[in-house]
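Overview (structure and organization)
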Amino acid sequence: MLQIKKLNLTHKKDLRIILNDFNLVLNDGDKAVIIGEEGNGKSTLMKWIYNPSLVENYIEADGERIMGHERLGYLPQEMLDEDKEKTIYEYFSEEEIFWEKTPKELSVIAGKFGMKNDFFYSNQTMGSLSGGEKVKTQLMRLFIRDVSVLLLDEPSNDIDIATLTLLEKIINDWKHIVLFISHDETLIERTANMVIHIEQIIRKTKARYTVAKLPYRRYVEERLHKFEIQKQRALSDRREKKIRDEKYQRVMQSVQGALRSCTRQAPSVAKNLKDKMHTVKAMERRFEKEDENMTQMPEQEEAIFVKLGDENSHIPAGKTVIEYELSKLVTPDGKRILAEGIHLKIKGSEKICMIGANGAGKTTLLKKIAEELLNRNDIKAEYMPQTYEDLLDLDVTPVDYLDKTGDKEERTRIRTYLGSLKYTPDEMEHPIRELSGGQKAKVLLLRMSLSGANVLILDEPTRNFSPLSGPVIRKMLREFPGAVISISHDRKYIEEVCDKIYQLNPNGLQLIGD
């Protein structure tokens, strides 16, 4: 059993309360997903559960963590820089229990993840692995440690569809506790039997959380149904209040008018009217008490809103956006051929997605395509890389990063747009390095929106958006009037946004879905 009692988390910099009096009990068999909008503290909560010292430099925390005999294993959202420098062999060797495992036991773990038996002894550096290979390697080390609680922060990031299927199986087959964060709605729907929802409502001035022992889709449906019932009751109460108040005002005005016209020659009438006024005043006090118990409108986080593209972003159907030929695609170090005979033609406002196994070279190929398109004068292209730091200046604020003119009106407009993406005024003044992955993604999203681009080049565009933001992001990209060239393993994104799906393999790009 893993138990959290009376946990309070407060951001030291802006004193924003992330969690207030948070309580949670997890038992064997619980597969709990933490959901919430970007920047609401999901990763912070998971770090605190694993090791409170991981957040003490930016979070004021107090609460009790009861673990019993549980052994916690943590998969961070981003691999530590020092781990990237290690070889795979060094990375596994740091675990003392690694040396106690028999070749057969290691072979079983390698087979579970589709890796060769000698993978553990490779001299390849961790940083040179693909995103999916990094996730697999970290999960394999957790299996070697024989942990009982899996704490997984965005384990679905950067992994191919085959590995996503494997991850689903790992979570579903785990007999102990799994607590995870993921943007992948399909993964959540297929695995989670418990939802922990962290919210920041009333413009992020109030923290609220919900723990529901329900599958994700049922939780969302019941939540929306509950909100709709509450909204209808609140509207009904307000209609009845309006009718009641109008009737009350007529009575009040009638008594007040009668009192004003009453003469001293009719004291008995005046006394009756004053008594009636006391009754009316008492009625007003009763109404005020009734109003205190009136059904409130449901409070929930407002949806993000930003528009991608305008009428100038439309590309005529007959225009060739790109006709790309590459005889050989090699690894960045030039040592290995990844694919040969690559050909890609995109016309008009087509939205295409490239998929393929981890390490197939999708990101390498997309970077080459981006280099060509970003230098073109007949189109306006914008690129969103998988690693946001490739474009972002982490030491400036979001406003400074997006401001190209220094004009006061421009900065005001940027602040307005950031507000529509649910940034608080304080967060607009934070250095970008202090923002969550989803908030960094929003900065790049707004950059694309302000640019007037008609071609978007996107490497895993939904990877850091919460499942609650996911439908909004997909709708924005689906309605974008220009062309989209993307890499994704997000199955809902592929289904709802993309016109064509290409698989990258050693023989090039093959159209597998249209």
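What counts and how
- Residues numbered from 1 in each chain as written.
- Predicted model: local features only at pLDDT ≥ 70, side-chain atom pairs only at ≥ 80, totals over all residues.
- Heavy atoms only, no water.
- Helix = DSSP H or I, 4+ residues; strand = E, 2+ residues; numbered from the N terminus.
- Buried < 20%, exposed > 50% of the residue type's maximum accessible area, 1.4 Å probe, protein only.
- Areas by Shrake-Rupley, 256 points an atom, 1.4 Å probe, with all protein chains shown as cover.
- Lys, Arg positive; Asp, Glu negative; His and termini not counted.
- Charge placed at Lys NZ, Arg CZ, Asp CG, Glu CD.
- Domains from an automatic or database assignment.
- Pairing = 2+ DSSP bridges.
- Axes fitted to C-alpha atoms, helices over the stretch in contact; angles between N-to-C directions.
- Salt bridge = Lys/Arg side-chain N within 4 Å of Asp/Glu carboxyl O.
- Contact = heavy atoms within 4.5 Å.
- Left-handed = near helix turned anticlockwise from the far one by under 90°.
- Nonpolar A, V, L, I, M, F, W, Y, C, P; charged D, E, K, R; others polar.
- Expected span 1.5 Å × (residues − 1).

The name given to the protein in an unreviewed UniProt entry is ABC transporter ATP-binding protein, and the organism recorded there is Eubacterium ramulus.

1. Considering the overall build of the protein
What the protein contains, in helices and strands, is 16 helices and 17 strands. Considered along the principal axes of its C-alpha atoms, the protein spans approximately 110 × 65 × 40 Å. When each of the 514 residues of the protein is scored for burial, the buried share is 50%. For the protein, the accessible surface area stands at approximately 25,200 Å², while carbon and sulfur atoms represent 49% of it. Each charge class in the protein was averaged separately, 80 positive and 83 negative side chains, and the resulting centres sit 7 Å apart.

2. A few points about the domain arrangement of the protein
It is common to report an interface's size as the accessible area lost on association of the parts. On domain assignment, one finds that the protein holds domain 1 (1-222), domain 2 (236-291) and domain 3 (309-511). Taking the mean C-alpha position of each, domain 2 and domain 3 sit 64 Å from one another.

3. Description of the sheet that holds strand 14 (residues 455-459)
On the basis of which strands lie adjacent, the open sheet formed by six strands has the order 13-14-15-12-16-17 and mixed pairing. Sheet topology places strand 13 (381-384) and strand 17 (508-513) at the edges, where each strand pairs with a single neighbour. Between one strand axis and the next, the sheet turns through 20° on average, direction left out of account. By the bridge criterion, five bridges tie strand 14 to strand 15 (residues 483-487) in an arrangement that is parallel. What sits directly across from D459, in strand 15, is I487.

4. Re the side chain of K136
On the secondary structure map, K136 appears in helix 5 (residues 131-145). Of the side chains with opposite charge, D160 comes closest to the buried, unpaired K136, at an N-O distance of 5.1 Å. With residues near it in sequence (within four places) discarded, K136 still touches F113, M115 and T163.

5. What about the packing of helix 4 (residues 103-112) against helix 5?
Relative to each other, helix 4 and helix 5 sit at 145°, their axes nearing to 10 Å. In this structure, helix 4 crosses over helix 5, and the sense of that crossing is right-handed. Contact residues: helix 4 offers L106, I109, A110 and K112, while helix 5 offers M140, F143 and I144. Tallied by class, the residues present in the contact of helix 4 with helix 5 amount to six nonpolar, no polar and one charged.

6. Focus on helix 10 (residues 362-374)
For the α-helix, the turn length of 3.6 residues means that residues three or four positions removed from each other point alike. For helix 10, which comprises 13 residues, the first-to-last C-alpha distance of 18 Å matches the rise-based estimate of 18 Å (1.5 Å per residue) to within 8%. Within helix 10 the residues assigned to the buried category are K362, T364, L365, L366, I369, A370 and L373.

7. Quick word on the sheet that holds strand 6 (residues 149-153)
One open sheet accounts for six strands, arranged 5-6-7-3-8-9; its pairing is mixed. With partners counted over all chains shown, the strands left at the sheet margins are strand 5 (72-75) and strand 9 (206-212), one partner each. Here the strands of the sheet are splayed against their neighbours by 15° on average, with no regard to which way each runs. Strand direction decides the pairing type here: strand 8 (residues 194-201) and strand 9, joined by seven bridges, are antiparallel. Bridge pairing in strand 9 places I196 opposite V211. In the packing of helix 5 onto the sheet, the strands contacted are strand 5 and strand 6, and the crossing angle to strand 5 comes to about 175°.

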